[in-house]
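# Secondary and tertiary structure notes
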Amino acid sequence: MPATWLIFQRSPSHDKNTSCICMMYWRGLTTVAVCWLVAVSAQRQSQEQLKIEVLSRPGVCNSQAVTGDKVQVHYIGRLVDGTVFDQSRPRGEPFEFRLGSGQVIKGWDRGLEGACVGESRRLTIPPHLAYGSKGAGGVIPPDATLIFEVELMQLPDKVVRAEEQPLRRPDPSHQQPSAPSKLVVQTLVRPPTCSPVTRRGDTLTVHYTGQLVDAKKFDSSVDRGEPFVFQLGQGSVIPGWEEGMEGMCVGESRLLVVPPHLAYGKKGAGGVIPPDATLIFTIQLLNIN
């Protein structure tokens, strides 16, 4: 009697992610079965990909997030049924991490690359790029697809610095222009969604860099690695800041050119700001309390 082979496939009851490929051989009354376990999870996972949707993007994209950047974001996380399991804004401060370092789930590390400051994205993250079969924290079930709306607030290592604005530098080959007599306010970056805005009495958290008109830097919270906090409209900062920061959005960056009478006037300050100095500030609003 000739030998006969039969090939079939079944799924073992103990593992839904594998299949068993079997070959049965028989001749006469003798039957031999040889089986191989074949993982099918890779095929299933390849069918589930990270989905990235850009919800809003600033008209000018001065800085983009790349692997290795420290990023600060606000976010809201939902399950596919709409249940919110986490959000940053009620905590009153953005969430900070280093992109691509494994500090967050893989869907975030991949989904936020190339985002601009002020940009908002919706990330639909399959389980293998989120918390997988284990879930997390008692609020994310096993094998859950997660939906995040993430707004990139700041790249602290890439805050727009005054020295990065070549048009503001005086040309040494030309005579210095006269100092402005009025405050000059220029918006560098503004989020598409702007609510709320700053008003007198608000406590603000900002990063800033201050320069003289000859491009000499005299102060920077960025260099210190610590944001500056103050209350708007209470006289705790120079008048140029009081006027120039009204109506700002969280995530917005402004350039302020402050004439002497709205800065430190004839006295100067701290041995680093001379008398009658026009000051140039680049300010980014991080938070409104």
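Everything numeric here is computed off the predicted structure, so don't read it as measured data.

### Comments concerning the pairing of strand 14 (residues 253–258)
- Burial analysis of strand 14 places 6 of its 6 residues in the buried class, which makes it a mostly covered element.
- Every second residue of strand 14 is oriented toward a common face, with Ser253, Leu255 and Val257 on one face and Arg254, Leu256 and Val258 on the other, all of them buried.
- Relative to strand 14, strand 10 (residues 184–189) runs antiparallel, the two being bridged by 5 bridges. Paired with Val185 across the strands is Leu256, a residue of strand 14.
- With 6 bridges joining them, strand 14 and strand 15 (residues 279–288) adopt antiparallel strand pairing. Of the residues in strand 15, the one forming a bridge with Val258 is Leu279.

### Description of the pattern of salt bridges
- Applying the stated criterion to the full structure yields 12 salt bridges.
- The salt bridge involving Arg89 is made with Glu151; its shortest N-O contact spans 2.7 Å. Remark: Glu151 occurs in strand 9 (residues 146–154) and Arg89 occurs in the loop between strand 6 (84–87) and strand 7 (95–98); sequence separation between them is 62 residues.
- Put simply, Arg200 and Glu246 hold a salt bridge, and the shortest N to O gap is 3.1 Å. Taken together, the positions of Arg200 in the loop between strand 10 and strand 11 (203–212) and Glu246 in the loop between helix 4 (239–244) and strand 14 put the pair 46 residues apart, joining distant regions of the chain.
- A cluster of three or more residues bridged by salt bridges with shared partners is formed by Glu53, Arg78, Arg122 and Glu149.

### With respect to the confidence of the model for the protein chain
- Mean pLDDT for the protein chain: 80, with 76% of residues reaching 70 or above.
- Taken as a whole, residues 3–22 scores under 50 in pLDDT and shows 52 contacts with residues more than four places along the chain or in a different chain.
- Note that pLDDT drops below 50 for residues 160–177; the model gives that stretch 28 contacts with residues more than four away or on any other chain.

### So, the packing of aromatic side chains
- Per the counting criterion, the structure on display carries 16 aromatic pairs.
- Seen in terms of ring centroids, Phe218 and Phe281 are 5.7 Å apart; in terms of plane orientation they differ by 90°. Their pairing is edge-to-face. Of this pair, Phe218 sits in strand 12 (residues 217–220) while Phe281 sits in strand 15, and the two are 63 residues apart along the sequence. Comparing Phe218 with Phe281, the two get one shared label, buried.
- Geometrically, the ring pair formed by Phe228 and Phe230 is stacked, given 5.5 Å between the ring centres and 20° between the ring planes.
- Judged by its relative accessible area of 28%, Phe228 is partly exposed.
- In this structure an aromatic cluster arises from ring pairing among Tyr75, Phe85, Phe95, Phe97, Trp108 and Phe148.

### Some points on the nonpolar core
- Counting residues in each nonpolar core, the largest one holds 26 residues, and the members touching the most others are Val206, Trp241, Met245 and Phe281.
- Elements with a minimum of two residues in this core: strand 11, strand 14 and strand 15.
- Top element by residues in this core is strand 15. It accounts for 5 residues.
- Met245 has contacts with Thr198, Leu204, Val206, Phe230, Leu232, Arg254, Leu256 and Ile283, leaving out every residue within four places of it along the chain.
- Counting 25 residues, the second-largest nonpolar core is a separate cluster that includes Val117, Ile125, Val150 and Leu152.

### Quick word on the state of the cysteines
- Following the criterion strictly, the structure yields 2 disulfides and no others.
- A sulfur-sulfur separation of 1.8 Å characterises the disulfide bridge that pairs Cys61 with Cys116. In this structure, the disulfide formed by Cys61 and Cys116 twists by about -100° around the S-S bond and is classed as left-handed. With Cys61 in the loop between strand 4 (51–56) and strand 5 (70–79) and Cys116 in the loop between helix 2 (106–111) and strand 8 (120–125), this pair connects stretches of sequence that are 55 residues apart.
- Exposure remark for Cys61: the relative accessible area of 29% places this residue in the partly exposed category.

### Comments concerning the layout of surface pockets
- Quantified by volume, the largest pocket comes out at close to 510 Å³.
- Broken down by secondary-structure element, the contributors of at least two residues to the lining of the largest pocket are strand 4, strand 5, strand 8, strand 9 and strand 15.
- For the lining of the largest pocket, the element with the highest residue contribution is strand 9, accounting for 4 residues.
- For the lining of the largest pocket, the per-class residue count stands at 12 nonpolar, 10 polar and 4 charged.

### Here we look at unusual backbone geometry
- Positive phi values are uncommon outside glycine, yet Ala215 reaches one of about 75°.
- Of note, Ala215 is situated in the loop between strand 11 and strand 12.
- Taking relative accessible area as the criterion, Ala215 reaches 25% and is therefore assigned partly exposed.
- Within the chain, Asp276 stands out as a residue other than glycine whose phi angle is a positive 55°.
- We classify Asp276 as partly exposed; its relative accessible area is 42%.

Scoring rules and cut-offs
Residues numbered from 1 in each chain as written. Predicted model: local features only at pLDDT ≥ 70, side-chain atom pairs only at ≥ 80, totals over all residues. Heavy atoms only, no water. Buried < 20%, exposed > 50% of the residue type's maximum accessible area, 1.4 Å probe, protein only. Helix = DSSP H or I, 4+ residues; strand = E, 2+ residues; numbered from the N terminus. Pairing = 2+ DSSP bridges. Salt bridge = Lys/Arg side-chain N within 4 Å of Asp/Glu carboxyl O. pLDDT = per-residue confidence, 0-100. Contact = heavy atoms within 4.5 Å. Phe/Tyr/Trp six-rings, centres within 6.5 Å; stacked < 30°, edge-to-face > 60°. Core = buried A, V, L, I, M, F, W, Y, C linked by side-chain atoms within 4.5 Å. Disulfide = S-S within 2.5 Å. 1 Å grid on protein atoms, 1.4 Å probe; cavity = no way out; pocket = protein on both sides within 12 Å on 5 of 7 lines; lining within 4 Å. Points joined across faces, edges and corners; volume = space filled by probe spheres on them. Nonpolar A, V, L, I, M, F, W, Y, C, P; charged D, E, K, R; others polar.

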